[in-house]
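Commentary on secondary and tertiary structure
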Amino acid sequence: VEFDGSYFCPHHPRATNAGQFSGVCRCRKPRPGMAEQAALDLGIDIRRSVVVGDSKADIDLARVLGSRAVLVRTGYGRGVESALTGSSYLRRIPVHNSLAEAVSSL
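What counts, and at which threshold
- Residues numbered from 1 in each chain as written.
- Predicted model: local features only at pLDDT ≥ 70, side-chain atom pairs only at ≥ 80, totals over all residues.
- Heavy atoms only, no water.
- Helix = DSSP H or I, 4+ residues; strand = E, 2+ residues; numbered from the N terminus.
- Buried < 20%, exposed > 50% of the residue type's maximum accessible area, 1.4 Å probe, protein only.
- Arc of directions from axis to C-beta.
- Contact = heavy atoms within 4.5 Å.
- Salt bridge = Lys/Arg side-chain N within 4 Å of Asp/Glu carboxyl O.
- Core = buried A, V, L, I, M, F, W, Y, C linked by side-chain atoms within 4.5 Å.
- Pairing = 2+ DSSP bridges.
- Right-handed = clockwise from strand over helix to strand, strands pointing away.

The omega torsion of the bond from K29 to P30 falls at 10 degrees, within 30 degrees of zero and hence cis. Mapping P30 onto the fold places it in the segment before α1 (33-42).

See below:
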């Protein structure tokens, strides 16, 4: 996999003393701001894209964008998988041990 860009949200929804970085924004996952900016910058078709992540926010972002979601067990992924086991939420989402494994399955 070759990365074409890196995007991050500097805001924190519960921060009270962070000035312009406080509060709710459009770029913090699962809101689509960062992904939409990347799509514009890089010419990405979001609906044909895959969101690979280790959190429920990543899975929710895929849903908001109309993209496919893949959960990886690295980072927070094992805990998210455990918390969602048995739910219809997780049944539709492929789960892989690593980013490399997720990419090779696509």
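A word on helix α3 (residues 77-84). Because each turn of an α-helix spans 3.6 residues, side chains separated by three or four positions in sequence point in the same direction. Taken together, the buried positions of α3 are G77, V80, E81 and L84. Projected down its long axis, α3 shows its buried positions confined to an angular sector of 100 degrees, all on one face. Along α3, the residues that are exposed and aim more than 90 degrees away from the buried face are R78, S82 and A83. Along its buried surface, α3 packs onto α2 (56-65), β2 (68-72), α4 (88-91) and β3 (95-96). In the stretch just after α3, G86 is the one whose phi turns positive, near 90 degrees.

All right, on to the pattern of salt bridges then. Under the counting rule described, the total for this entry stands at five salt bridges. A salt bridge links K56 to D60; the shortest N-O distance between them is 3.1 Å. With a gap of four residues between them, K56 and D60 both fall in helix α2, about one helical turn apart. Relative accessible area serves as the criterion here: at 39%, K56 is assigned to the partly exposed category. D60 is the partner of R63 in a salt bridge, and the nearest nitrogen-oxygen pair spans 3.9 Å.

What follows is about the nonpolar core. Counting 15 residues, the largest nonpolar core has I59, L71, L84, L90 and I93 as its most contacted members. Counting only elements with at least two residues in this core, the list comes to α2, β2, α3 and α4. Here the element with the most residues in this core is α2; it accounts for four residues. Apart from the residues within four sequence positions on either side, I59 is in contact with A69, L71, V80, L84, Y89 and I93.

This next bit is on the pairing of strand β1 (residues 50-53). The two faces of β1 differ: V51 and G53 on one face are buried, but V50 and V52 on the other face are not. As defined by bridge partners, β1 adjoins β2 across four bridges and the pair is classed as parallel. Within β2, the residue paired with V52 across the bridge is V70. Note that the unit made of β1, α2 and β2 has a crossover that is right-handed.

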